[in-house]
Amino acid sequence: MSTLVFHTRPGFDALTGLPDRAAFIAALRSAMGMQQGLAVLFLDLDDFKLVNDGFGHEAGDRLLIQVAQRLRGAVHDGDLVARIGGDEFTVLCHDADQTGATILAGRIRGALSAPFDIAGQRRHIRVSIGCRAAGPDESDADVLLRDADTAMYQAKEAGKDRVEFFSDATRAKLLRRLDLEQRLRTAIEHQELTVSYQPQIDLGSGRLVGAEALVRWSEASPVEFIPLAEETGLIAPLGEFVLRTATKTLARLHADGLKPLTITVNVSTRQLEDPDFPVLVKDAIEQAGIDPSHLCLEITESALMAAKSVALDRLRECKAHGVYVGIDDFGTGHSSLARLRDLPVEVLKVDRSFVDGLGTEPEDSAVVAAILSLAHALGLHVVAEGVETPLQANQLIALGCSVAQGFLWSPAVPAAELRGLTGIATAAHPRVRGHRGERSLVDEMMHQLGIAKEAVA
Ligand code: C2E
Ligand code: CA
Ligand code: CA
């Protein structure tokens, strides 16, 4: 193993003595001109930030030096190891195809698997590795490095601590994503997105009491384009469009006499990073002329748990403007009780995965019962989502849940249809009471809504 050089030299990283990014790319360029085949490995330590934050930067630096030494020991003579960023290392592997690169990646993982000395403690670290093998006809070093980097990101996304290869499938996926991003950008600019509303039903009365605003695009499902919008920043204009549309819709519905209706709008943490978000909320409320207590902003539990305190302060600012705040997908994001008590929220939305097994999986009923008693203890409202069967709805009523939404009643529909639905549900209200003895409340509501039990059971 070669010894490290610690003083600054051009082309070398001062901390580890390894070649730096510029030197690596230069070496890669000249190798591409001569070699038959080669491979680039892109390494990124998993959770290196935890070492820096937990043990200090000096401990982090010492770890990087140890990693550099082990990497040099793991590669063949003639292969080049470089440090190209904070905790990012690259390896140029000569005369290697995919098989050779796989073997080398395995050796590197082996070399890094023994514990490291971190601030006097023996600790294990993990690494994510992206590989890109190149044939003799390829000539762009930057593309090669970028592809290896992309493969490393795939390794991170797939759960870290693994090796991923950049393949034709990766390239195709990347291109599809870029294409989707471009089309989404255009769709937002040309106002091609729409907002649909999923009814929320009061289980005690059968009345329509609210609706969740869900964005719609003819080209893709929100499950696909919302994460993309969050990563690219497009969530800001998209979120503003949904908020302004939903508040205007609410104003119209209220003007039509549907006064008790509350509308819930989904908010991503990325939107809370904008210091002006509370101003936007206030402006949307004023422009639409709505009572803010009929607007609920909903954020997923996992996003709330990961949110920085400044983001939570922004939510508090929104609350100060009179809106409600709710936790979406509750039960999936590992809230701590202490944290929950301090969060600026008033509504818990029970995740669909627990509603799913109501009446069939005893564990699910137990979880929902626990969430309900927790909510009652903390003085929070509860909404159940993803209700698809009368059995689930009846279980919710038995457990004391008051509001629910789901395909049992309706998917998200255009605002105009929501108005129609309200008519039926509201008219049903007195009759539901009168027939309670003969039919279950849910059966009655279904009957009034014109839904055949067999069609949904
Ligand atoms: P979410 O907030 O949990 O929304 C509920 C999703 O479950 C919706 O899917 C809805 O159509 C679906 N759903 C409703 N009832 C049922 C049911 O009974 N069974 C089943 N299997 N599914 C049901 P959608 O509209 O595809 O939205 C998916 C996700 O996209 C939403 O999950 C939300 O996280 C996100 N999203 C949608 N619109 C917006 C938006 O305007 N802004 C933001 N930030 N996110 C949005
Ligand atoms: Ca939601
Ligand atoms: Ca949800």
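Model, not experiment: these values are computed from the prediction.

Asker: Give a description of the overall build of the protein chain that names residues and reports values.
Answerer: A count of helical and extended segments in the protein chain gives 19 helices and 15 strands. Expressed as lengths along the three principal axes of its C-alpha atoms, the size of the protein chain is roughly 85 × 50 × 45 Å. Accessible area of the protein chain: about 21400 Å², with a carbon and sulfur share of 52%. Each charge class in the protein chain can be summarised by its mean position, and for the 46 positive and 63 negative side chains these summaries are 3 Å apart.

Asker: Talk me through the nonpolar core; I want residue IDs and the actual numbers.
Answerer: Of all hydrophobic cores here, the largest spans 80 residues; its most connected members are Tyr-197, Leu-238, Val-265, Leu-297, Val-387 and Leu-396. Per element, the largest residue contribution to this core is 8 residues, and it comes from helix α8 (residues 235–255). The residues touching Leu-238, leaving out its near neighbours within four places in the chain, are Ile-188, Leu-193, Val-215, Phe-225, Ile-226 and Ala-229.

Asker: Could you give an account of the sheet that holds strand β14 (residues 381–384), with specific residues and numbers?
Answerer: On the basis of which strands lie adjacent, the closed barrel formed by 8 strands has the order β8-β9-β10-β11-β12-β13-β14-β15 and mixed pairing. The pairing of strand β12 (residues 324–330) with strand β13 (residues 347–350) spans 3 bridges and is parallel. Looking at β13, one finds that Phe-330 is bridged to Val-350.

Asker: Which residues make up the pairing of strand β11 (residues 295–300), and what values do they have?
Answerer: A large share of β11 lies buried, amounting to 5 of its 6 residues. Here β11 runs beside β12; their pairing, made up of 5 bridges, is parallel. Bridge pairing links Thr-300 to Asp-328 in β12.

Asker: Requested: an account of the coordination of the calcium ion (ligand 2), with residues and values cited.
Answerer: Protein ligation of the calcium ion (ligand 2) involves Glu-212 (OE), Asn-266 (OD1), Glu-298 (OE) and Asp-328 (OD), the donor distances falling in the range 2.1 to 2.3 Å. Of note, the donors binding the calcium ion (ligand 2) are all from one chain and are spaced E-x53-N-x31-E-x29-D. A separation of 4.0 Å is found between the calcium ion (ligand 2) and the calcium ion (ligand 3), both of which receive a donor from Asp-328. Of this pair, Asn-266 sits in strand β10 (residues 262–266) while Asp-328 sits in strand β12, and the two are 62 residues apart along the sequence.

Asker: Explain the pattern of salt bridges residue by residue, including any values.
Answerer: Overall, the coordinates contain 26 salt bridges when judged by the stated rule. Where Arg-62 meets Glu-58, a salt bridge forms, and the shortest distance between an N and an O atom there is 2.9 Å. One end of the pair is Arg-62 and the other is Glu-58, both in helix α3 (residues 57–74) and 4 residues apart, which spans about a single turn. For Glu-58, a relative accessible area of 53% puts it in the exposed group. Arg-126 serves as the salt-bridge partner of Asp-161, at 3.6 Å between the closest nitrogen and oxygen.

Asker: Help me get a handle on the coordination of the calcium ion (ligand 3), residues and values and all.
Answerer: At the metal site, the calcium ion (ligand 3) is ligated by Asp-328 (OD), Asp-329 (OD), Glu-385 (OE) and Glu-385 (OE), and these contacts range over 2.2 to 2.7 Å. All donors to the calcium ion (ligand 3) come from one chain, and their sequence spacing reads D-D-x55-E.

Asker: An account of the domain arrangement of the protein chain is requested, with residue identities and associated values reported.
Answerer: In terms of domains, the protein chain is made up of domain 1 (21–166) and domain 2 (179–456). When each unit is reduced to the centre of its C-alpha atoms, the spacing between domain 1 and domain 2 is 44 Å.

Asker: Tell me about the site of ligand 1, and name the residues and values.
Answerer: Close contacts around ligand 1 come from 21 residues, with Gln-198, Arg-216, Arg-352, Glu-388 and Phe-407 the closest. Arg-216 places a polar side-chain atom, nitrogen or oxygen, 2.8 Å from an oxygen atom of ligand 1. In isolation ligand 1 offers 810 Å² of accessible surface; the protein chains occlude 84% of this area. More than half of the atoms belonging to ligand 1 lie within 2 Å of the grid points that define the largest pocket. When contributions to the shell around ligand 1 are tallied by element, the ones reaching two or more residues are β9 (208–216), α7 (222–232), α8 and β12. Looking at the shell around ligand 1 element by element, the count peaks at 4 residues for β9. Taken together, the residues of the shell around ligand 1 break down into 9 nonpolar, 5 polar and 7 charged.

Asker: Quick one: what's the story with helix α5 (residues 141–157), residue by residue and with numbers?
Answerer: End to end, α5 covers 24 Å across 17 residues, agreeing with the expected 24 Å (1.5 Å per residue, within 8%). When we look at burial in α5, the residues that qualify are Ala-141, Leu-144, Leu-145, Asp-147, Ala-148, Thr-150, Ala-151, Met-152, Gln-154 and Ala-155. Buried-residue contacts for α5 involve α1 (21–34), β1 (38–45), β3 (88–94), β6 (127–134), β7 (163–165) and α6 (168–189). In the stretch just after α5, Gly-159 is the one whose phi turns positive, near 120°.

Asker: Can you lay out the packing of aromatic side chains for me, pointing to particular residues and giving the numbers?
Answerer: Two numbers describe a pair of aromatic rings. These are the distance of the centres and the angle of the planes. On inspection of all chains with the given rule, the structure shows 1 aromatic pair. Ring plane angle 85° and centroid distance 5.5 Å describe the contact between Trp-217 and Phe-225, whose orientation is recorded as edge-to-face. Here Phe-225 falls in the buried class, since its relative accessible area comes to 0%. One cation-aromatic arrangement involves Arg-9 over Phe-12; the distance from NZ or CZ to the ring centre is 3.9 Å. The ring centre of Phe-116 lies 3.6 Å from the NZ or CZ of Arg-70, which sits over that ring.

Asker: Which residues make up helix α16 (residues 390–399), and what values go with them?
Answerer: When we look at burial in α16, the residues that qualify are Pro-390, Gln-392, Ala-393 and Leu-396. Burial along α16 is one-sided: seen end-on, the buried residues are contained in an arc of 160°. One or two positions beyond α16, positive phi appears at Gly-400, with a value near 90°.

Asker: Hey, could you go over empty space enclosed by the protein for me, with residue numbers and the actual values?
Answerer: Under the definition given, this model contains 2 cavities of 30 Å³ or more. Size it by volume and the second largest cavity reaches roughly 40 Å³. If you go around the second largest cavity, the residues you meet are Gly-239, Val-242, Leu-243, Val-265, Asn-266, Val-267, Gln-271 and Phe-277. Elements with a minimum of two residues in the lining of the second largest cavity: α8 and β10. Of the residues forming the lining of the second largest cavity, the biggest block, 3 residues, is contributed by α8. Grouping the amino acids of the lining of the second largest cavity by side-chain chemistry returns 5 nonpolar, 3 polar and no charged.

Procedures and definitions
- Residues numbered from 1 in each chain as written.
- Chains lettered and ligands numbered in written order.
- Predicted model: local features only at pLDDT ≥ 70, side-chain atom pairs only at ≥ 80, totals over all residues.
- Heavy atoms only, no water.
- Helix = DSSP H or I, 4+ residues; strand = E, 2+ residues; numbered from the N terminus.
- Areas by Shrake-Rupley, 256 points an atom, 1.4 Å probe, with all protein chains shown as cover.
- Lys, Arg positive; Asp, Glu negative; His and termini not counted.
- Charge placed at Lys NZ, Arg CZ, Asp CG, Glu CD.
- Core = buried A, V, L, I, M, F, W, Y, C linked by side-chain atoms within 4.5 Å.
- Buried < 20%, exposed > 50% of the residue type's maximum accessible area, 1.4 Å probe, protein only.
- Contact = heavy atoms within 4.5 Å.
- Pairing = 2+ DSSP bridges.
- Donors = N, O, S within 2.8 Å, 3.2 Å for Na, K, Ca; no water.
- Salt bridge = Lys/Arg side-chain N within 4 Å of Asp/Glu carboxyl O.
- Domains from an automatic or database assignment.
- Near = heavy atom within 4 Å.
- Polar contact = N/O pair within 3.5 Å; in protein donor to acceptor, adjacent residues only side chain to side chain.
- 1 Å grid on protein atoms, 1.4 Å probe; cavity = no way out; pocket = protein on both sides within 12 Å on 5 of 7 lines; lining within 4 Å.
- Sits in = over half its atoms within 2 Å of the grid points.
- Nonpolar A, V, L, I, M, F, W, Y, C, P; charged D, E, K, R; others polar.
- Expected span 1.5 Å × (residues − 1).
- Phe/Tyr/Trp six-rings, centres within 6.5 Å; stacked < 30°, edge-to-face > 60°.
- Lys NZ or Arg CZ within 6 Å of the ring centre and 35° of its normal.
- Arc of directions from axis to C-beta.
- Points joined across faces, edges and corners; volume = space filled by probe spheres on them.

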